[in-house]
Protein chains: 2
Amino acid sequence: MELINLYKCLCDVQRLRILNLLKEGPLCVCHLQEILGETQVKISKQLQYMKKLGIVLARRQGVWMVYSLPMPPHPLLLANLQGLQTCTDEFPWFAEDLKNRALILQRFADNLAECPQVVYQSASGC
Amino acid sequence: MELINLYKCLCDVQRLRILNLLKEGPLCVCHLQEILGETQVKISKQLQYMKKLGIVLARRQGVWMVYSLPMPPHPLLLANLQGLQTCTDEFPWFAEDLKNRALILQRFADNLAECPQVVYQSASGC
DNA sequence: TTAATATATACCATAGTAAGGATATACTAA
DNA sequence: TTAGTATATCCTTACTATGGTATATATTAA
C-alpha cells in the first residue's frame, strides 16, 4: 500500500466518515448506508475506490459484504482519525456516526433477524 | 481553511515534497524548482493549487515569489510530515530534499548575488 | 524607454473522479 | 426453480486534476 493512497482516501468527507466507522470495527454496506444516509451506489463506489487503493478489505458474509480495515491499521491512519476527533466544529458527524454505529450494533444484538449472517465480533480478525 | 483541503494537498507526491520543504521555512519558486527538479509551470501550478485551498501563503519579494506555511502551521500537517519522515523506503526524497534545501541556503549565504532580494530569515514571520 | 528575469496564466489535450439511473450479479429462502 | 435482498457494475455526464507549450505579467536593471 502506498501512503499517498491513504491521503487520497482521507480527502473526501464520505470516505473519512467510513474510515472513522471502520476504525471501530467491521461494518456491512447496508449499515454504512444507514449511518451516512447515502444511496447504496455512492457508498459502494467509495468502498470500491478504497479497496482498489488497498485501504480497506472486503469479505462476503452471506448476502452481505463486510468491510474492514487491514489489521493492524496503519498508524498514520489512526493518528489522523484520532486527531480529527477533536475538530467537532468542522466534523460534527464524527462522534454522531460512532453513536449511530453503537445503536445499530445494539439493535443487532437485540434482534438477530437483522443481518443474521453478520457476526461483527468474529470479523475482527480480518 | 477546511481540513479536507489539507488531505487534498497531501495526496500528491510533489505537493508533499513542497510542504515538507516549507515546513522548514519559506522558499521561492526557483529554489523549489531546483530542489524538486521539475519545470517552472508544474511547481507554480501546484503552489497555486495549495494557495487556493489556503494551505500555503505567497508574498512577493522583488522578482521572487516566496511561499510559506501559515503560522503556526496546522498541527495535523506537522504531525503528518513528521510521521512520514520515518518512511524512508517509500519517500527517500524526504531527507534528500531537506539536505538540498540546506545546500541552497548555504550557497545563498556565500553568494548574495543569487536571489539577493530574498531574505528568508526576515520571511519567517509571514 | 528597453531588455532581462521570475513567475503566473491561458489554452489544449488527457485522465481521473463523482453522481445518478438502470441493470447485473451473488446469495438466501421458499 | 423462483423470488427477494444486498451489492456491484455499466453508462452517461460533469467536474476536477495533470501536463505541455506558449504567452502574459510584474519587477528590476540599464
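In what follows, the accompanying structure is described. (Residues numbered from 1 in each chain as written. Chains lettered and ligands numbered in written order. Predicted model: local features only at pLDDT ≥ 70, side-chain atom pairs only at ≥ 80, totals over all residues. Heavy atoms only, no water.)

### Section: the sheet that holds strand 2 (residues 57-61) of chain B
Residue and element names in this part refer to chain B. Read across the sheet, three strands follow the order 1-3-2 without closing on themselves; strand pairing throughout is antiparallel. Each edge of the open sheet is held by one strand with a lone partner, namely strand 1 (27-28) and strand 2. By the bridge criterion, five bridges tie strand 2 to strand 3 (residues 64-68) in an arrangement that is antiparallel. What sits directly across from R60, in strand 3, is M65. (Pairing = 2+ DSSP bridges. Helix = DSSP H or I, 4+ residues; strand = E, 2+ residues; numbered from the N terminus.)

### A closer look at the side chain of R17 of chain B
Residues and elements named next belong to chain B. Relative to the helices and strands, R17 resides in helix 2 (residues 13-22). With a relative accessible area of 16%, R17 lands in the buried category. The contact partners of R17, leaving out residues within four places of it in the chain, are I35, L36, W93 and D97. (Buried < 20%, exposed > 50% of the residue type's maximum accessible area, 1.4 Å probe, protein only. Contact = heavy atoms within 4.5 Å.)

### A few points about the packing of helix 2 of chain B against helix 4 (residues 40-52) of chain B
Residue and element names in this part refer to chain B. Contact geometry of helix 2 with helix 4 gives a least axis separation of 10 Å together with a crossing angle of 75°. Considered as vectors, helix 2 and helix 4 are oriented roughly perpendicular to each other. The segment helix 2 lies against helix 4, with Q14, R15, I18 and L19 engaging K42, Q46, L47, Y49 and M50. Within the contact of helix 2 with helix 4, the residues separate by chemical class into five nonpolar, two polar and two charged. (Axes fitted to C-alpha atoms, helices over the stretch in contact; angles between N-to-C directions. Parallel < 35°, antiparallel > 145°, perpendicular 65-115°, else oblique. Nonpolar A, V, L, I, M, F, W, Y, C, P; charged D, E, K, R; others polar.)

### What about the protein's contact with DNA strand D?
Inspection of the region around DNA strand D gives 22 residues, with Q40, S44, V63 and Y67 of chain A together with K45 of chain B positioned closest. Take the atoms of DNA strand D that sit within 4 Å of the protein: sugar and phosphate atoms are 62% of them. Contact distances for DNA strand D include 3.4 Å between a phosphate oxygen and a backbone N or O atom of V29 of chain A. Sorting the residues of the surface near DNA strand D by element identifies helix 3 (29-36), helix 4 (40-52) and strand 3 (64-68) of chain A together with helix 4 of chain B as the ones contributing at least two each. A total of five residues in the surface near DNA strand D trace back to one element, the largest contributor, which is helix 4 of chain A. (Near = heavy atom within 4 Å. Polar contact = N/O pair within 3.5 Å; in protein donor to acceptor, adjacent residues only side chain to side chain.)

Keep in mind these values describe shape, not function.
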